Amino acid sequence: MGTLSTSKRILVTGASRGIGRAAALALAEQGHTVALAARDEGALRQLAGEIARAGGRAEVVPMDVTDDASVERGIARLLEAGPCDIVINNAGSCDQADFLVQRMETQRSEMDLNYWGAVRVTRALLPSMLLRRSGVVVNVSSMLGIVASPTTANYSATKAALNAWSHALRGEVGRFGIQVVVFVAPHTDTASGRRVRFEGVVSLPVAYTVEALLRAVDRAPRQAAASPVYRLLLRLAGLFPAFIESRVAASARPHLLPSYEAAPGEGA
């Protein structure tokens with residue numbers, strides 16, 4: 001019997017747009033209560049209204065996952081209304097640029113959101129899950145966390161950190177009935193995804209990615225890739241890492257600066 005076989009209360013971060021928004025709509029349509037988390041409270045209330053008009057159940061949990069106090073307040077508010085069965089740590093961003101011209105501020109922000117954001121939310125939720133001996137943590141990652149790419153060195157590092165932490169955490173909390181899932185999302189046709197370009201890489205529809213994400217939430221495997229192509233790439237990356245790395249690098253090469261002198265001062 002899958003995780004989603006009965007109605008659950010599910011927290012989705014980054015729910016105001018993109019994959020998070022579409023996932024929240026799909027989960028509500030399946031009959032789950034969705035707790036919507038993001039910084040933009042107005043966008044969350046608009047989404048909650050859309051869910052309610054369709055007959056679903058949604059809660060608004062304004063939260064900045066890069067801020068300790070905001071996460072603590074948001075999770076406390078969430079748990080006051082009852083237990084949370086599943087968290088989908090989806091909030092994230094990707095800034096595509098050559099490493100030396102990418103601002104350090106941007107690099108820190110990316111790590112704070114993509115890695116530490118998931119850590120903060122999970123750390124705040126885990127005690128309640130451990131008390132109940134039940135819960136699922138789904139961390140939305142990327143192929144770039146497994147095979148890093150030029151022009152996304154920092155982003156790749158944030159997702160590699162997320163992956164390593166997820167697998168280690170599973171070994172700590174699995175004995176208490178907590179499942180930890182790494183969902184390897186594909187390149188997806190969202191506003192954020194369209195800002196990141198790779199030659200020859202197909203951008204998949206949001207609906208496709210969300211369908212794969214919900215399967216991962218339901219089955220709670222150790223790691224789930226979004227498509228057969230991504231599953232194959234994961235296997236090949238394990239068997240032939242240098243070859244896959246060269247293919248990924250080739251897809252990013254057209255977007256590399258011809259020289260670092262082409263953008264003086266951008267690394268400040």
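Computed from a predicted model, the values in this text were never measured in an experiment.

With respect to the overall build of the protein
Secondary structure summary: the protein contains eight helices and seven strands in total. Computed over the C-alpha atoms, the radius of gyration of the protein is 18 Å, within 12% of the 18 Å expected from 2.2 N^0.38 for a compact globule of 268 residues. When the backbone C-alpha atoms are referred to their principal axes, the protein occupies close to 55 × 40 × 35 Å. Buried residues in the protein amount to 49% of all 268 residues. For the protein, contacts bridging at least 24 residues in sequence account for 70% of all contacts bridging at least 6. Only carbon and sulfur atoms are counted for the fraction: they give 54% of the accessible area of the protein, which is about 12900 Å². With 29 positive and 24 negative side-chain charges, the protein shows a separation of 6 Å between the mean positions of the two kinds.

What about the pattern of salt bridges?
Applying the stated criterion across every chain yields a total of eight salt bridges. The salt bridge partner of R132 is D85, with a shortest N-O separation of 3.1 Å. Of this pair, R132 sits in helix α4 (residues 104-132) while D85 sits in the loop between α3 (68-80) and β4 (86-89), and the two are 47 residues apart along the sequence. A relative accessible area of 35% places R132 in the partly exposed class. A relative accessible area of 17% means that D85 is categorised as buried.

Examining the nonpolar core
With 35 residues, the main nonpolar core has L27, L36, I86, I88, V138, F183 and L213 as its most contacted residues. Looking at this core, the elements with two or more residues in it are β1 (9-13), α1 (18-29), β2 (33-38), α2 (41-53), β4, β5 (135-142), β6 (178-185) and α6 (206-219). Leaving out residues up to four positions away in the same chain, L27 has contacts with L4, I10, V12, H32, V34, I88 and L214. Core analysis: the second largest hydrophobic core is formed by 27 residues, V71, C84, V87 and L169 among them.

With respect to the packing of α4 against helix α5 (residues 153-173)
Closest axis-to-axis distance for the α4/α5 pair is 8 Å, and the angle between their directions is 15 degrees. Taken as axis vectors, α4 and α5 run roughly parallel relative to one another. Viewed along their axes, α4 and α5 form a crossing whose handedness is right-handed. From α4, Q107, E110, M111, N114, Y115, A118, V119, T122 and L126 reach across to α5, where they touch N154, Y155, A157, T158, K159, A161, L162, W165, L169 and V173. Broken down by class, the residue content of the contact of α4 with α5 amounts to twelve nonpolar, five polar and two charged.

Focus: the packing of aromatic side chains
All chains considered together, the criterion is met by two aromatic pairs. Centre to centre, the rings of Y115 and W116 are 5.0 Å apart; their planes meet at 65 degrees, and the pair counts as edge-to-face. The interplanar angle of 90 degrees and the centroid separation of 6.2 Å between the aromatic rings of Y115 and W165 together place this pair among those described as edge-to-face. A residue pair is termed long-range when its members are at least 10 positions apart, and Y115 in helix α4 and W165 in helix α5 qualify at 50 residues. You'll find Y115 and W165 in the same group, each marked buried. Members of the aromatic cluster, each reached through a chain of ring pairs, are Y115, W116 and W165.

Section: helix α8 (residues 241-252)
When the terminal C-alpha atoms of α8 are compared, their 17 Å separation across twelve residues agrees well with the 16 Å that a helix rising 1.5 Å per residue should span. Turning to α8, its buried residues number three or more, namely I244, V248, A249, S251 and A252. Angular distribution of buried residues about the axis of α8 spans 155 degrees; they occupy a single face of the element. Where α8 is buried, its residues touch α7 (228-239).

Comments concerning the environment of G56
Looking at the secondary structure, you find G56 in the loop between α2 and β3 (57-62). Counting along the chain gives 28 residues from G56 to A28, while the straight-line C-alpha distance between them is 5.3 Å. Contacts of G56, omitting those with residues within four sequence positions, involve A28 and I51.

What counts, and where the lines are drawn
Residues numbered from 1 in each chain as written. Predicted model: local features only at pLDDT ≥ 70, side-chain atom pairs only at ≥ 80, totals over all residues. Heavy atoms only, no water. Helix = DSSP H or I, 4+ residues; strand = E, 2+ residues; numbered from the N terminus. Rg over C-alpha atoms; globule rule 2.2 N^0.38 Å. Buried < 20%, exposed > 50% of the residue type's maximum accessible area, 1.4 Å probe, protein only. Contact = heavy atoms within 4.5 Å. Areas by Shrake-Rupley, 256 points an atom, 1.4 Å probe, with all protein chains shown as cover. Lys, Arg positive; Asp, Glu negative; His and termini not counted. Charge placed at Lys NZ, Arg CZ, Asp CG, Glu CD. Salt bridge = Lys/Arg side-chain N within 4 Å of Asp/Glu carboxyl O. Core = buried A, V, L, I, M, F, W, Y, C linked by side-chain atoms within 4.5 Å. Axes fitted to C-alpha atoms, helices over the stretch in contact; angles between N-to-C directions. Parallel < 35°, antiparallel > 145°, perpendicular 65-115°, else oblique. Left-handed = near helix turned anticlockwise from the far one by under 90°. Nonpolar A, V, L, I, M, F, W, Y, C, P; charged D, E, K, R; others polar. Phe/Tyr/Trp six-rings, centres within 6.5 Å; stacked < 30°, edge-to-face > 60°. Expected span 1.5 Å × (residues − 1). Arc of directions from axis to C-beta.

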